[in-house]
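Here is what each chain is made of, one letter per residue.
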Amino acid sequence: MLLHNWPSAFAHVDCDAFYASCERARRPELRAVPVCVLSNQSAFVIAKTYDAKKLGITTGMSVRDAKKLAPRAVYLTPDFAYYGQMSDQVFSVMRRYSPEVEVYSIDEGFMSMHGLRTLWRKSYAGIADELRAAVRSEVGITISVGIAVTRTLAKMASESRKPDGTTIVPGKAIEAFLAEIPAGDIPGIGGKRCALLGQFKIHTALDFASAPQFRIKRLMGKLGVDLWHELRGVSVFPLELEPKLPKSVARTAAMGEHTSDRTLIGAHLARHVSRLAIELVTKRYLTRRVLYTLRLSKTFDTEGTEVRFRFPTSNYFVMVEAARQALDVLYRPGVSYWGCGVVASDISFAVSITPDLFGLMQYDDQRGRLMLTVDEINRKYGKGTAIMLSSVPLKNPRRASRFRYPMLEVD
Ligand SMILES: [Mg+2]
């Protein structure tokens, strides 16, 4: 497991607290206060600055809880079109340094470092530091950079020193690096798998990389073996320079109770739409078809109705209005439901359809303006003055406590 030279390497670039940092970049007065960016419905926190994190605010926390911890923090509704422009700027700086750049998400990307030391006459650390400085001065936000022989190691490297860090893991330092990292922090290993690995005394990333291959294969299948190679410095995951579109993007969950309350079901659906919209917008996807589903308590069957949009969209308001119409079709009074969901299909890239980054406002100017208005009212008269009606039932704290979905992490 010792690699002494590494002519080719990957860099992982991760923007620090991206949405919140973008807000600070355009409003310098926010530098002195903790900043949280909220979901479309202003129901929960989707991003926060590091000083907000220090106060105990976590991604996915309800606004109510966050305000208890940080009453003086600034709470903003998101402006994804602007975050997209900022993201483009970060990627254009990256493309100046490397001809091979993969856009992994709105705030994360990979770069091939192959041949770059000769080209720039600099060490990997020198290139990373220069890249960080360029993004800081030109875009106004900080990034963290990790460089290693595989994608997975590069990503773990950038995560190990945030914010505004450069972390280089040369081949000979891999073992020492992995020894410090819990197995659960290996990208692609979630809580369940981590618990399973723990039963086999695999607690650190080094335990994982040192385990016999057959054991990893038995515990985690092909993905496990791929990760095992990547952690051992053997590159398995290439850069994906041509982004692949998913067939569908889904958000479904049980409601935590059996109910025939239409308003409550509608609020759950709106919540799913909000999370779907965030995913579409951050990945720059647009959808033309959304399937809305309800799950029956009695038979556990799923009933659904599909809405086709005239234009590809990622707009929360368009999709939540369609949810209301879908509910008209699906909902039967007196029937008990226990789950619901949304599935977007016919996915395309926002950039390939419209010069407007996300097409957020393009097709739906009226509603786009509505979103801005909500933000402006809140800015003027205080947060929470205007909230989307569809989220009202979830303001009940007793019910809100049931909404513990895994949330988008955008640190
Ligand atoms: Mg990030």
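Residues numbered from 1 in each chain as written. Predicted model: local features only at pLDDT ≥ 70, side-chain atom pairs only at ≥ 80, totals over all residues.

(A) Structural context of the confidence of the model for the protein chain. The predicted model of the protein chain has a mean per-residue pLDDT of 85, with 84% of residues at 70 or higher. Ignoring residues within four places in sequence, the model shows residues 352-378, a span with pLDDT below 50, making 52 contacts including any to other chains. Within the model, pLDDT remains below 50 along residues 382-411, and this stretch shows 55 contacts once partners closer than five positions in the same chain are excluded. (pLDDT = per-residue confidence, 0-100. Contact = placed C-beta atoms within 7 Å.)

(B) Broad picture of helix 7 (residues 151-160). Burial of helix 7 is extensive: eight of the ten residues sit out of reach of the surface. Those residues of helix 7 not exposed but buried are Arg151, Thr152, Leu153, Ala154, Lys155, Met156, Ala157 and Ser158. (Buried ≥ 20, exposed ≤ 12 C-beta atoms within 10 Å, placed from the backbone. Helix = DSSP H or I, 4+ residues; strand = E, 2+ residues; numbered from the N terminus.)

(C) Examining unusual backbone geometry more closely. The peptide bond linking lysine 162 to proline 163 adopts the cis configuration, its omega dihedral lying at -10°. Along the chain, the position of proline 163 falls in the loop between helix 7 and strand 8 (166-168). Residues other than glycine seldom take positive phi values, yet aspartate 164 does so here, at roughly 55°. By the element assignment, aspartate 164 lies in the loop between helix 7 and strand 8. If you check the backbone angles, aspartate 346 has positive phi at about 55° while not being a glycine. For aspartate 346, a count of 16 C-beta atoms within 10 Å gives the class partly exposed.

(D) Summary view of the sheet that holds strand 8. Reading across from one edge, 5-6-1-7-8 is the order of the five strands in this open sheet, with mixed pairing throughout. Since the sheet does not close on itself, it has two edges, and those belong to strand 5 (101-105) and strand 8, each with one partner. Geometrically, the sheet is characterised by an average inter-axis angle of 15° between neighbouring strands, direction not taken into account. (Pairing = 2+ DSSP bridges. Axes fitted to C-alpha atoms, helices over the stretch in contact; angles between N-to-C directions.)

(E) Broad picture of the sheet that holds strand 4 (residues 74-76). Read across the sheet, three strands follow the order 3-2-4 without closing on themselves; strand pairing throughout is mixed. Looking at which strands have only one partner, the edges of the open sheet turn out to be strand 3 (45-48) and strand 4. Pairs of neighbouring strands in the sheet enclose a mean axial angle of 25°, with direction left out of account. Note that strand 2 (residues 35-38) and strand 4 share three bridges and pair parallel. Paired with valine 35 across the strands is valine 74, a residue of strand 4. Those strands touched by helix 1 (residues 18-26) are strand 2, strand 3 and strand 4, and its axis lies near 115° from that of strand 2.

(F) Structural view of the nonpolar core. Formed by 105 residues in total, the largest nonpolar core has its most connected members in Ala11, Cys36, Ile147, Val273 and Met319. The greatest single-element share of this core, amounting to ten residues, is contributed by helix 12 (residues 262-282). If we skip the residues at most four places from it in the chain, alanine 11 touches Phe110, Met111, Met113, Ala128, Val145, Gly146, Ile147 and Ala154. (Core = buried A, V, L, I, M, F, W, Y, C linked by C-beta atoms within 7 Å.)

(G) Layout of the environment of threonine 142. Checked against the element boundaries, threonine 142 lands in the loop between helix 6 (124-138) and strand 7 (143-148). Separated by 117 residues in sequence, threonine 142 and alanine 25 have C-alpha atoms that sit 10.0 Å apart.

(H) The pairing of strand 7, seen in detail. Where burial is concerned, most of strand 7 is hidden: six out of the six residues are buried. Neither face of strand 7 is open: one carries Ile143, Val145 and Ile147, the other Ser144, Gly146 and Ala148, and all of them are buried. Bridge count for strand 1 (residues 10-15) against strand 7 is six bridges, and the pairing is antiparallel. Its bridge partner lying in strand 7, cysteine 15 is registered against isoleucine 143. Strand direction decides the pairing type here: strand 7 and strand 8, joined by three bridges, are parallel. By the bridge assignment, isoleucine 147 is partnered in strand 8 with isoleucine 168.

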